[in-house]
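Structural description and commentary
Below, each chain spelled out in residue letters.
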Amino acid sequence: MSSSQLMVDERHRYVLETLQQRGSCRVADLALALGVSEMTIHRDLTSLARRNLLRKVHGGAVLRNYIELTYQDRVVQNHPVKVAVARRALPLVRPETSLYLGPGSTAYELAKLLETDGLQVYTNSLPTATALARAGHPGVTVTLLGGQLVGFVEALVGPATEAALAELKLDYAFIAVTGVSLSGGLTVYTDEEARVIRAVIRAARKTVLLTDASKYDLMAGPEVGLLKDMHVIVTDSMPPTYQQHCAANDVETLFCEEFEAEGTRSGRARGRNEA
């Protein structure tokens, strides 16, 4: 085997090991770590994708099975934590307000708790709309945003969804993402999902990120925004570097007491959106 081929194999091994450890990786980070150009990394990722060893996404790569999780698969992952995050977020919902609930399993758990009078809920999530319909609370009005159905996330996306959001003025938006990174921002699976969430953030007076600890230091695709763009983050725990970042950028953090890690409480960031 030639020395150049050995170098290629070593880079490929490094990429795959990084993916196994983190679930995702960025082209820029790989290029820096391996001392090669970003173009070289792009070629490496293309080669590995052709062998079905990873999935290329905007700006990097993810594990194939990581990106292909269906909504039903995600519902059962970390379910007790998602329920706790939803309960912690519930006090943010006030009577006579409007809000958006994103197509995430944590937002679905929040939907099942809503009994606030005079509440106007907008969503592009089929499971969330169904949960609200089944609850049938007379004080909650539900609008399902139209669009093109994406089967594996059970959500509606596309120009129709974005156009509808452009006409709205929301008090709150509760969103969830697939990856949360200080360097890579907030990321989701597809460009279509990302465009919808960007439109949601523009429409909302305050944006609330619902996340569990498994999402930190992951990047899954196109960026929808930065952590500092959020007004409130509701989570079970948060790494110290993320707590510091939130405190420095005036982002409020709300922690689930039953899952709060030792030392998190002392480092929690309180910010511009005290509820």
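Okay, so let's go over this structure. (Residues numbered from 1 in each chain as written. Predicted model: local features only at pLDDT ≥ 70, side-chain atom pairs only at ≥ 80, totals over all residues. Heavy atoms only, no water.)

A few words now on the sheet that holds strand E1 (residues 24–26). Across the sheet, three strands lie side by side as E1-E3-E2; this open sheet has antiparallel pairing. In the strand order of this sheet, the two ends are held by E1 and strand E2 (55–57), each with one partner. Neighbour-to-neighbour, the strand axes of this sheet turn through a mean angle of 25°, independent of strand direction. Judged from the three bridges that link them, E2 and strand E3 (residues 60–62) form a sheet pairing that is antiparallel. Considered in E3, the bridge of Lys56 is made with Ala61. Against the sheet, helix H3 (residues 38–50) makes contact with E2 and E3, and its axis sits at roughly 140° relative to E2, the strand it touches most. (Pairing = 2+ DSSP bridges. Helix = DSSP H or I, 4+ residues; strand = E, 2+ residues; numbered from the N terminus. Axes fitted to C-alpha atoms, helices over the stretch in contact; angles between N-to-C directions. Contact = heavy atoms within 4.5 Å.)

Along an α-helix, residues three or four apart share an orientation, since each turn contains 3.6 residues. Look at H3: 18 Å from first C-alpha to last across 13 residues, which is about the 18 Å you get at 1.5 Å a residue. Among all positions in H3, only Thr40, Ile41, Asp44, Leu45 and Leu48 are buried. All buried residues of H3 lie within an arc of 135° about the axis, which places them on one face of the element. Exposed positions of H3 whose direction lies more than 90 degrees from the buried face are Met39, Arg43 and Arg50. (Expected span 1.5 Å × (residues − 1). Buried < 20%, exposed > 50% of the residue type's maximum accessible area, 1.4 Å probe, protein only. Arc of directions from axis to C-beta.)

This paragraph deals with unusual backbone geometry. One non-glycine residue, Glu96, lies in positive phi territory at about 60°. The class of Glu96 is exposed, set by a relative accessible area of 62%. Not every positive phi belongs to a glycine, and Asp250 is a case in point at roughly 60°. Position of Asp250 relative to the elements: it lies in the loop between helix H11 (240–248) and strand E15 (252–255). By relative accessible area, Asp250 is classed as partly exposed at 34%.

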